Amino acid sequence: MDEKQIVKNIKKFRLSKKMSLERLAQLTGLTKGYVSKIENSDKAPPFSTLIKIAHALNTDISLLIAEESEMPENINLCIIRKNERKEVISRGTLYGYHYEALAHKKLGKNMEPYIIIPAFDEKGVFSHEGEEFMYVLEGTHEFMYDGKKYILRQGDSIYFDSIIPHSGRSVGKKKAKILAVMYSYKRS
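Residues numbered from 1 in each chain as written. Predicted model: local features only at pLDDT ≥ 70, side-chain atom pairs only at ≥ 80, totals over all residues. Heavy atoms only, no water.

1. Description of the overall build of the chain
When you go through the chain residue by residue, the secondary structure sums to 5 helices and 9 strands. Every one of the 188 residues in the chain was classed for burial, and the buried ones make up 43%. For the chain, restricting intrachain contacts to residue pairs at least 6 apart in sequence, the fraction spanning at least 24 positions comes to 65%. Accessible area for the chain stands at about 10600 Å²; split by element, carbon and sulfur atoms hold 50% of it. (Helix = DSSP H or I, 4+ residues; strand = E, 2+ residues; numbered from the N terminus. Buried < 20%, exposed > 50% of the residue type's maximum accessible area, 1.4 Å probe, protein only. Contact = heavy atoms within 4.5 Å. Areas by Shrake-Rupley, 256 points an atom, 1.4 Å probe, with all protein chains shown as cover.)

Spelled out as structure tokens, the structure:
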């Protein structure tokens with residue numbers, strides 16, 4: 001999915017809710033100028049900003065990143081076939097990470113499951129509200145958390161508070177492949 005579509009979806013959802021830029025800025029804690037810049041850009045904002053925007057719009061982040069925002073048949077169940085996975089653009093994409101959404105059709109979820117393939121170079125440091133769980137499916141992942149280094153191999157898992165600065169990279173001859181589940185606290 002291209003980043004332009006994410007930006008279009010943000011504006012589309014804001015306008016469908018008859019919400020002003022100023023109101024969206026207030027609800028997200030962002031400035032009106034920054035929200036306007038997002039909507040007029042060709043680049044999607046960081047994942048943490050997308051989460052804030054989705055909460056403020058009272059919608060699911062998967063709808064903001066979807067190519068076509070359609071309501072699923074059953075909102076209580078979501079099956080994603082292997083060929084239906086969606087590549088997701090996020091802040092990590094800028095650092096060579098590859099993300100595949102595993103539940104993009106499920107609305108109202110607190111968790112976001114992904115397959116992540118980290119780059120070999122550690123360039124980005126992440127910090128966002130919520131919790132994360134990672135399970136290494138293939139390869140070796142060097143994980144940095146709060147200034148400490150951890151080596152995770154195939155079959156290893158880690159659960160952590162994602163507000164603490166963290167990063168990671170693939171190490172070895174082959175990129176790691178990780179099942180990651182990100183939990184975002186719902187705001188009222």
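Structure shown, so let's carry the discussion forward.
2. Focus on the confidence of the model for the chain
Of all residues in the chain, 88% have pLDDT values of 70 or greater, and the mean over the chain is 86. Per-element confidence in the chain is highest for strand β7 (residues 157-161), whose mean pLDDT is 98, and lowest for helix α5 (residues 61-65), whose mean pLDDT is 78. (pLDDT = per-residue confidence, 0-100.)

3. Quick look at the sheet that holds strand β5 (residues 140-145)
The strand order across the open sheet formed by 3 strands is β6-β5-β8, and the pairing between neighbours is antiparallel. Among the strands making up the open sheet, the edge pair consists of β6 (148-153) and β8 (166-171). Strand-to-strand twist across the sheet, computed as the mean angle between neighbouring axes with direction ignored, equals 20°. For β5 and β6, the ladder comprises 6 bridges, and the chain directions are antiparallel. If you follow His-141 over to β6, its bridge partner there is Leu-152. (Pairing = 2+ DSSP bridges. Axes fitted to C-alpha atoms, helices over the stretch in contact; angles between N-to-C directions.)

4. As for the sheet that holds strand β9 (residues 177-183)
Ordered in space as β1-β2-β3-β9-β4-β7, the 6 strands form an open sheet in which the pairing is antiparallel. Two strands lie at the open edges of the sheet, namely β1 (86-88) and β7, each paired on one side alone. Strand-to-strand twist of the sheet, defined as the mean angle between neighbouring strand axes without regard to direction, takes the value 30°. Across 4 bridges, the pairing between strand β2 (residues 98-101) and strand β3 (residues 111-117) is antiparallel. Paired with Glu-100 across the two strands is Ile-115, which belongs to β3.

5. Digging into the environment of Ala-56
You can see Ala-56 is positioned in helix α4 (residues 47-56). By relative accessible area, Ala-56 is classed as buried at 13%. Apart from the residues within four sequence positions on either side, Ala-56 is in contact with Met-19, Leu-24, Leu-27 and Thr-28.

6. Description of the side chain of Ser-162
Topologically, Ser-162 is positioned in the loop between β7 and β8. By relative accessible area, which is 0% here, Ser-162 ends up buried. Residues in contact with Ser-162, not counting those within four places in the same chain, are Ser-127, His-128, Glu-129, Gly-130, Glu-131 and Glu-132.

7. A word on the side chain of Glu-112
Secondary-structure assignment places Glu-112 in strand β3. Judged by its relative accessible area of 8%, Glu-112 is buried. Setting aside chain neighbours within four positions, we find Glu-112 in contact with Asp-60, Ile-61, Ser-62, Ala-180, Val-181 and Met-182.

8. Describing unusual backbone geometry
Look at Lys-18: it is not a glycine, yet its phi comes out positive at around 50°. Looking at where Lys-18 falls in the secondary structure, it is placed in the loop between α1 (3-16) and α2 (21-28). Look at Asn-58: it is not a glycine, yet its phi comes out positive at around 55°. Note on placement: Asn-58 falls in the loop between α4 and α5.

9. Digging into the environment of Val-88
Tracing the backbone shows Val-88 in strand β1. Val-88 gets classed as buried once you look at its relative accessible area, which sits at 4%.

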